[in-house]
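Letter by letter, the chains look like this.
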Amino acid sequence: MSTTDNLSRQLAHGLRPRHLTMMGLGSAIGAGLFLGSGLGIAAAGPAVLLSYAIAGAIVVLVMRMLAEMASALPSSGSFSVYAEAALGRWAGFLLGWLYWFTIVMVLGVEITGVAGIVHGWWPTVPQWAVAAVIVAVFGAVNLVGVRQFGEAEFWFATIKVAAIIGFLVLGVLIVTGVVPVAGSVLGDWAAHGGFAPAGLPGIAAGLLTVVFAFGGIEIVTIAAAEARDPQTAVATATRTILWRILFFYVGSVAIMVALIPWTDAARLESPFVSVLQMAGFDGAARLMEVVVVLALLSAFNANVYATSRMLFSLGGRGDAPSVATRVSRRDVPWVAVLVSVFFGVVAVLLNYLLPESLLGVLLNAVGSALLVVWLLVVVSQLRLRPQLEAAAVERGETLRLRAWGYPWLSWVTLVALVAVVGLMLSDAAARSQVAATAGLVVVILVVYVITRAVTGGRMGGRTTADPDLGRRRHE
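Rules of the game
Residues numbered from 1 in each chain as written. Predicted model: local features only at pLDDT ≥ 70, side-chain atom pairs only at ≥ 80, totals over all residues. Heavy atoms only, no water. Helix = DSSP H or I, 4+ residues; strand = E, 2+ residues; numbered from the N terminus. Buried < 20%, exposed > 50% of the residue type's maximum accessible area, 1.4 Å probe, protein only. Contact = heavy atoms within 4.5 Å. Areas by Shrake-Rupley, 256 points an atom, 1.4 Å probe, with all protein chains shown as cover. Axes fitted to C-alpha atoms, helices over the stretch in contact; angles between N-to-C directions. Parallel < 35°, antiparallel > 145°, perpendicular 65-115°, else oblique. Nonpolar A, V, L, I, M, F, W, Y, C, P; charged D, E, K, R; others polar. Patch = residues over 30% accessible without salt bridge, like charges linked within 9 Å, V, L, I, M, F, W, Y side chains within 5 Å. Salt bridge = Lys/Arg side-chain N within 4 Å of Asp/Glu carboxyl O. Core = buried A, V, L, I, M, F, W, Y, C linked by side-chain atoms within 4.5 Å. pLDDT = per-residue confidence, 0-100.

## Details of the overall build of the chain
- From N to C terminus, the chain includes 20 helices and zero strands.
- Taken over 475 residues, the chain has a buried fraction of 54%.
- Intrachain contacts of the chain at a sequence separation of at least 6 include 82% that bridge at least 24 residues.
- About 18,500 Å² of surface is accessible on the chain, with carbon and sulfur atoms providing 69% of the total.

## Quick word on the packing of helix α7 (residues 127–144) against helix α8 (residues 146–175)
- Taken N-terminus to C-terminus, the directions of α7 and α8 make an angle of 130°; their axes are 6 Å apart at the nearest point. Here α7 is positioned oblique relative to α8, judged by the angle of their axes. On α8, the residues that touch Phe138, Val141, Asn142 and Val144 of α7 are Gln148, Phe149, Ala152 and Phe156.
- Of the residues contributing to the contact of α7 with α8, the split by class is six nonpolar, two polar and no charged.

## Structural notes on the environment of Asn303
- Mapped onto the elements of the fold, Asn303 is located in helix α15 (residues 284–316).
- For the pair Asn303 and Trp100, spaced 203 residues apart in sequence, the C-alpha separation works out to 9.5 Å.

## Topic: the environment of Phe247
- For Phe247, the location among the structural elements is in helix α12 (residues 230–259).
- Sequence separation between Phe247 and Ala53 is 194 residues; the distance between their C-alpha atoms is 9.7 Å.
- With near-sequence residues (within four places) excluded, Phe247 lies in contact with Leu168 and Ser252.

## Considerations on a nonpolar patch on the surface
- A contiguous nonpolar patch, built from Ile165, Val169, Leu173 and Val178 and spanning about 320 Å² of accessible area, is present on the exposed surface.
- As for its position among the elements, Leu173 is in helix α8.
- Owing to a relative accessible area of 31%, Leu173 belongs among the partly exposed residues under this scheme.

## Brief notes about the nonpolar core
- Counting residues in hydrophobic clusters, the biggest one holds 156 residues, and the most contacted among them are Phe34, Phe79 and Tyr305.
- Broken down by element, the residue count for this core peaks at 17 residues, all from α15.
- Ignoring anything within four residues of it in the chain, the contact list for Phe34 reads Ile29, Lys160, Ile164, Pro271, Phe272, Met288, Val291, Val292 and Ala295.

## Observations regarding the confidence of the model for the chain
- In this model, the chain carries a mean pLDDT of 82, and residues with pLDDT of at least 70 account for 88%.
- Below pLDDT 50 for its whole length, residues 1–9 participates in 32 contacts with residues either more than four positions away or in separate chains.
- Across residues 460–475 the pLDDT falls below 50, and counting only partners more than four positions away or on other chains, this stretch makes 49 contacts in the model.

## Brief notes about the pattern of salt bridges
- Here the structure, examined in full by the defined rule, presents 11 salt bridges.
- Note that Glu84 is salt-bridged to Arg89, the shortest N-O span being 3.8 Å. Each member of the pair, Glu84 together with Arg89, is buried.
- Put simply, Arg267 and Asp264 hold a salt bridge, and the shortest N to O gap is 3.5 Å.
- Relative accessible area serves as the criterion here: at 21%, Asp264 is assigned to the partly exposed category.

Written out as structure tokens, the structure reads:
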């Protein structure tokens, strides 16, 4: 039995499929959709729908591959564990620490964002006080127990999903004329260059803007290790999450491009608010601020969970201090939670203290880190699929969830991801993200090499890369 398997069994198994489903939805539907979708529309015009469809298809395929591995080998280390099993210790170390650093930086951005909005509502309340309350409350939620965390995230995500559904219903009523509004519906396309005013370059630019919008869904596979029936739970959750997210994103953006000219920069700064104001909701701006705050709080809650479980897994594999594996009486990795929360606060301080140029480098490194994760997920699936199938046959079973069209569709996805990297290298702003992420990857690998040298190659016990990978049995 591997170290990772034993660690997974030290954690509680209190999450149900409904928790995993809503966690995935809530993590992927964030402030990026509510506020950032206008950037993609401005870059590609109505053809941004194609950008979202292409990006969504890539993410659906990547997540299907990740879910295949998570269903067969549920682990709190998720893609880090699978990369280690498929490619070696260096890959697990790289993805684990890259993801942890990335999400910790995101924690800082989320706290800063909420504190700024709340301070705007009540100027007498200092931003540091808002940040302190957020850290205390959601740190406590994550320490109480995984089921309590799952319930909190379930209801947060439910509010966000309800907001999206309400927006879609209202948008359809406006487009069909049931709710009359001033201005043209769809007619603005012809007046501003048609469906694809910027052509293929515009669609490509839109793709770069929206491709990372779906990030966050990977938390489902991290949480699978704490589900009551991991194999069934992750299979059930991913089957429904992927298509719902794609529908919510594409549906929402379709409403926006039908009602807002892509050249209207002012209204695209907050497209959700603009559509609500068209329908006569005077308090639309304040309502959307509330939704954005809830979205950021939900994401912060989920990201504390994700970073703590990744750190817990790294500790169990000898790639982080062993103290990170300490579990409370409620089966929560409390040290890992506190460490993640602490560095989230550090990230907040960096947002305030660092010069803008240095902070930009750190945030740029976060920008395309998800691409490294996706690339190695695909490579890992290509390597592990035969072993997983062989293990299932040996047990007289079949894989509960399979990625489609193996291996050809996996190769197509890999080529598509490489093409996205190529697009980023052709764009000046995106090129800086790739450079910063590459620098971070090099730093992590150098740390790995140094750590191996210092410890004489003994960085922990057995891992998922050991010979009996195909013979493991899971709860």
